[in-house]
Amino acid sequence: MDLKLTGDTALVVGGASGIGLAIARAFAREGSNVLLWDRSAETPARAAELATESSTTCLGQIVDATDFVQVKKTAAEINASFGQIQHVVYAAGMGSGKFGFPFWKLEPSDWDRVLRVNLLGAVNVAHALAPGMAERQQGTFLFISSVAGQIGSQTDPPYSAAKAGLINFAQAAAKDLAPHNVRVNTICPGMIQTPLNRAVWQAWNDQQPADAKRAYDDWAGEKVRSVIPLKRWQTPDDIAAYAVFLASYQAQNITGQTLNVDGGWVMHW
Ligand SMILES: NC(=O)c1ccc[n+]([C@@H]2O[C@H](COP(=O)([O-])OP(=O)(O)OC[C@H]3O[C@@H](n4cnc5c(N)ncnc54)[C@H](O)[C@@H]3O)[C@@H](O)[C@H]2O)c1
């Protein structure tokens, strides 16, 4: 299926690793120029690799999405040098690094950074880029949330709450931007083997007594089998395939939606 994304420009925030990197690669394969923003020092190198793999222009910039001044300045500069951005994906994310319920095992101070990265970073990026897209009457936003944002997950309450907030913000933004022909959607991944997913296991394992500690594959494999009806992992490429579809004209009537790519973990009626 030709998604007609050739020559478009896609920005992937959190694009230096895992799901974000897979989404960036999928855009590059569709012939889009790709811009990676990530706080990781590896970002320029990841973009250079993408450029080598594809025939498109890819640029990686070290940007902390929680810093609105930096986000706004970089966005303004990039419009002048790299071209107008048509598609924005917000895939940056992190957990609290702690595991354990009840929620009062965490401190209120554990919430701040998690909310800033998972929710307020997306708000920063949207503030910096939505007005221009609205003016040009064209564009798409995609937020990567989580099934945790829909099920009151006890694993990491600040993470779940931030992801729920992201879903809600996407809906408000979709309504605001619809009259300007800009679409906003959210994908909720289930379980994907990335550094972030491994960090959740690490936080759990760290607090276990020696005889209860388990290997990552063992711990996560059991979770996959017990909570996911399809009983298998999701992959970064599963999310990437959906991401480019949502950015394309094929999805021109899809906005304000929360789409679960989770093997059936969350089902609505
Ligand atoms: N892996 C899973 O099982 C899973 C499940 C559900 C949702 N998600 C979500 O998918 C998204 C991608 O996660 P992943 O699993 O690929 O993790 P990952 O750790 O591989 O990638 C996250 C990226 O975000 C970047 N990042 C973090 N804070 C940032 C900031 N302030 N500014 C810019 N970049 C920042 C990191 O440097 C990293 O490159 C996240 O939003 C995550 O919450 C992941």
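- Per an unreviewed UniProt entry, the recorded name for the protein is 3-oxoacyl-[acyl-carrier-protein] reductase FabG, and the organism is Anatilimnocola aggregata.
- On record in UniProt, under Sequence similarities (unreviewed entry), the comment for the protein is "Belongs to the short-chain dehydrogenases/reductases (SDR) family."

### Remarks on the packing of aromatic side chains
- Applying the stated criterion to the full structure yields 8 aromatic pairs.
- Centroid distance Phe141 to Phe143: 6.2 Å. Interplanar angle 50°. Geometry classified as tilted. Like Phe141, the residue Phe143 is buried in the burial classification.
- An aromatic cluster is built from Phe141, Phe143 and Phe169, whose rings are joined through pairwise contacts.

### Digging into the nonpolar core
- Counting residues in each nonpolar core, the largest one holds 33 residues, and the members touching the most others are Leu129 and Phe141.
- The set of elements that each furnish at least two residues to this core consists of strand 1 (9-13), strand 2 (33-38), helix 3 (68-81), strand 4 (87-90), helix 4 (111-136), strand 5 (139-144), helix 5 (157-177) and strand 6 (182-189).
- It is helix 4 that provides the largest number of residues to this core, a total of 9 residues.
- Setting aside anything within four residues of it in sequence, one finds Leu129 in contact with Leu11, Ala75, Ile85, Val88 and Phe141.
- Val12, Ala22, Leu50 and Ile192 belong to the second largest nonpolar core, which has 32 residues in total.

### Observations regarding helix 8 (residues 236-247)
- Compared with the 16 Å implied by 1.5 Å per residue over 12 residues, the 17 Å span of helix 8 between its first and last C-alpha is a close match.
- Along helix 8, the residues classified as buried are Ile239, Ala240, Ala243, Val244, Leu246 and Ala247. The buried side chains of helix 8 occupy one side of the element, clustering within an arc of 155° when seen end-on.
- Residues of helix 8 that are buried sit in contact with helix 1 (18-29), strand 4, strand 5, strand 6 and strand 7 (258-261).

### As for the UniProt feature "domain: Ketoreductase" (unreviewed entry) in the protein
- Cross-referencing UniProt, the feature "domain: Ketoreductase" (unreviewed entry) maps to residues 8-204 in the present numbering.
- Overall, residues 8-204 shows 48% helix and 17% strand. The separation of its end C-alpha atoms is 42 Å.

### Quick word on the layout of surface pockets
- In this structure, the second largest pocket occupies an estimated 330 Å³ of space.
- Along its surface, the second largest pocket is lined by 20 residues, and Gly139, Thr140, Asn181, Arg183 and Ala247 are the ones closest to its centre.
- Elements with a minimum of two residues in the lining of the second largest pocket: strand 5 and strand 6.
- Here the lining of the second largest pocket is composed, by residue class, of 7 nonpolar, 10 polar and 3 charged.

### Quick look at the site of the ligand
- For the ligand, the set of nearby residues contains 28 residues, the closest of which are Ser17, Asp38, Tyr159, Lys163 and Thr194.
- One of the side-chain N or O atoms of Tyr159 is found 2.5 Å from an oxygen atom in the ligand.
- A distance of 2.5 Å is found between an oxygen atom of the ligand and a side-chain nitrogen or oxygen belonging to Thr194.
- Burial of the ligand by the protein amounts to 95% of the accessible area it has alone, namely 830 Å².
- The set of elements that each furnish at least two residues to the shell around the ligand consists of helix 1, helix 4, helix 5 and helix 6 (195-206).
- Ranked by the residues each element gives to the shell around the ligand, the list is headed by helix 6, at 3 residues.
- A per-class count over the shell around the ligand returns 13 nonpolar, 10 polar and 5 charged.

### Brief notes about the sheet that holds strand 5
- With parallel pairing, 7 strands are arranged side by side in an open sheet as 3-2-1-4-5-6-7. In this open sheet, the two strands that pair with only one neighbour each are strand 3 (58-62) and strand 7. The mean angle between the axes of side-by-side strands here comes to 20°, regardless of whether they run parallel or antiparallel.
- Bridge count for strand 4 against strand 5 is 4 bridges, and the pairing is parallel. The partner of Val89 across the bridge, within strand 5, is Leu142.
- Running over the sheet, helix 8 touches strand 4, strand 5, strand 6 and strand 7 and is turned about 165° from strand 6.

Conventions and cut-offs
- Residues numbered from 1 in each chain as written.
- Predicted model: local features only at pLDDT ≥ 70, side-chain atom pairs only at ≥ 80, totals over all residues.
- Heavy atoms only, no water.
- UniProt positions renumbered as here; feature names shortened; annotations may be inferred.
- Phe/Tyr/Trp six-rings, centres within 6.5 Å; stacked < 30°, edge-to-face > 60°.
- Buried < 20%, exposed > 50% of the residue type's maximum accessible area, 1.4 Å probe, protein only.
- Core = buried A, V, L, I, M, F, W, Y, C linked by side-chain atoms within 4.5 Å.
- Helix = DSSP H or I, 4+ residues; strand = E, 2+ residues; numbered from the N terminus.
- Contact = heavy atoms within 4.5 Å.
- Expected span 1.5 Å × (residues − 1).
- Arc of directions from axis to C-beta.
- 1 Å grid on protein atoms, 1.4 Å probe; cavity = no way out; pocket = protein on both sides within 12 Å on 5 of 7 lines; lining within 4 Å.
- Points joined across faces, edges and corners; volume = space filled by probe spheres on them.
- Nonpolar A, V, L, I, M, F, W, Y, C, P; charged D, E, K, R; others polar.
- Near = heavy atom within 4 Å.
- Polar contact = N/O pair within 3.5 Å; in protein donor to acceptor, adjacent residues only side chain to side chain.
- Areas by Shrake-Rupley, 256 points an atom, 1.4 Å probe, with all protein chains shown as cover.
- Pairing = 2+ DSSP bridges.
- Axes fitted to C-alpha atoms, helices over the stretch in contact; angles between N-to-C directions.

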